[in-house]
Amino acid sequence: DAGVTQSPTHLIKTRGQQVTLRCSPISGHKSVSWYQQVLGQGPQFIFQYYEKEERGRGNFPDRFSARQFPNYSSELNVNALLLGDSALYLCASSLASGSFYTQYFGPGTRLTVL
Amino acid sequence: SQQGEEDPQALSIQEGENATMNCSYKTSINNLQWYRQNSGRGLVHLILIRSNEREKHSGRLRVTLDTSKKSSSLLITASRAADTASYFCATDGDLYDKVIFGPGTSLSVIP
């Protein structure tokens, strides 16, 4: 069975630009979460979506937005990119919402903002 | 601020030795999880321990949880070079659907 997939693998953008990252969950999983991981730190929670509704949001500015589609795939959008947005963006899927459910992570998208 | 804090930040051991990593957290939790990450790639789930459990085993992994001290430990026995990775503990946060990761312990196993 395919795991969580993310695209693209790497991305280079310049300050002020906008970026869209994509995530496909494991088949049957209805919950998708997004994390930002800056080099040398643990992942920071950005969003969780379940059944196409936002279930949780971390301490990130409104420049960050996300959505979940009917097939449970998800997109993360970041507007007006800053240098500090350079990070590994991780997507995780789980069967349902709630921290009791194991999250399965994708390989991540490495975003570099110049 | 982060809920979990791993200790030590970095650990270097010889192959075959045991590795112990600790995690402390601040507020009450429903469960605690440990993850492994190789070279900045995706995280791999290792084990979940619920707040009413004290110890769990999975292969060479042993996790303990002491809710009175708000701490957990991960023991890897008979370490291998392939265990070289960063290890993170993660707890549920103030929101039911939120998972909070600590800064991680970087483990190096020397062949």
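Report on the accompanying structure. In this text, all values refer to a predicted model and were calculated from it rather than measured experimentally. (Residues numbered from 1 in each chain as written. Chains lettered and ligands numbered in written order. Predicted model: local features only at pLDDT ≥ 70, side-chain atom pairs only at ≥ 80, totals over all residues. Heavy atoms only, no water.)

1. Concerning the state of the cysteines
Residue and element names in this part refer to chain A. Let me state the cut-off plainly: Criterion for a disulfide: a pair of cysteine sulfur atoms at a distance within 2.5 Å. Starting at the N terminus, helices and strands are each numbered in turn, a helix being any DSSP run of H or I of at least four residues and a strand any DSSP run of E of at least two. For every residue, the accessible area obtained with a 1.4 Å probe (protein chains only) is divided by the maximum for its type, and the residue is called buried under 20%, exposed over 50%, and partly exposed between those limits.
Per the counting criterion, the structure on display carries 2 disulfides over all chains. Note that Cys 23 is cross-linked by a disulfide to Cys 91, the S-S spacing being 1.8 Å. The chirality of the disulfide connecting Cys 23 with Cys 91 is left-handed, given an S-S dihedral of about -60 degrees. In this pair, Cys 23 is assigned in strand β3 (residues 19-24) and Cys 91 in strand β9 (residues 87-94), connecting sequence segments 68 residues apart. Taking the relative accessible area as the measure of exposure, Cys 91 reaches 0% and is therefore buried.

2. Re the sheet that holds strand β7 (residues 64-68) of chain A
Residues and elements named next belong to chain A. Rule in force here: Two strands are said to pair when DSSP picks up at least two bridges between them. The axes are straight lines fitted to the C-alpha atoms, using for helices just the contacting stretch, and the angles between their N-to-C directions are given from 0 to 180°.
Here we have 4 strands laid out as an open sheet, ordered β1-β3-β8-β7, and antiparallel in their pairing. A single partner strand is all that each edge strand has here, and the edge strands are β1 (5-7) and β7. Each neighbouring strand pair of the sheet contributes to a mean axis angle of 15 degrees, computed without reference to strand direction. Summarising the sheet, β1 and β3 pair through 3 bridges and their orientation is antiparallel.

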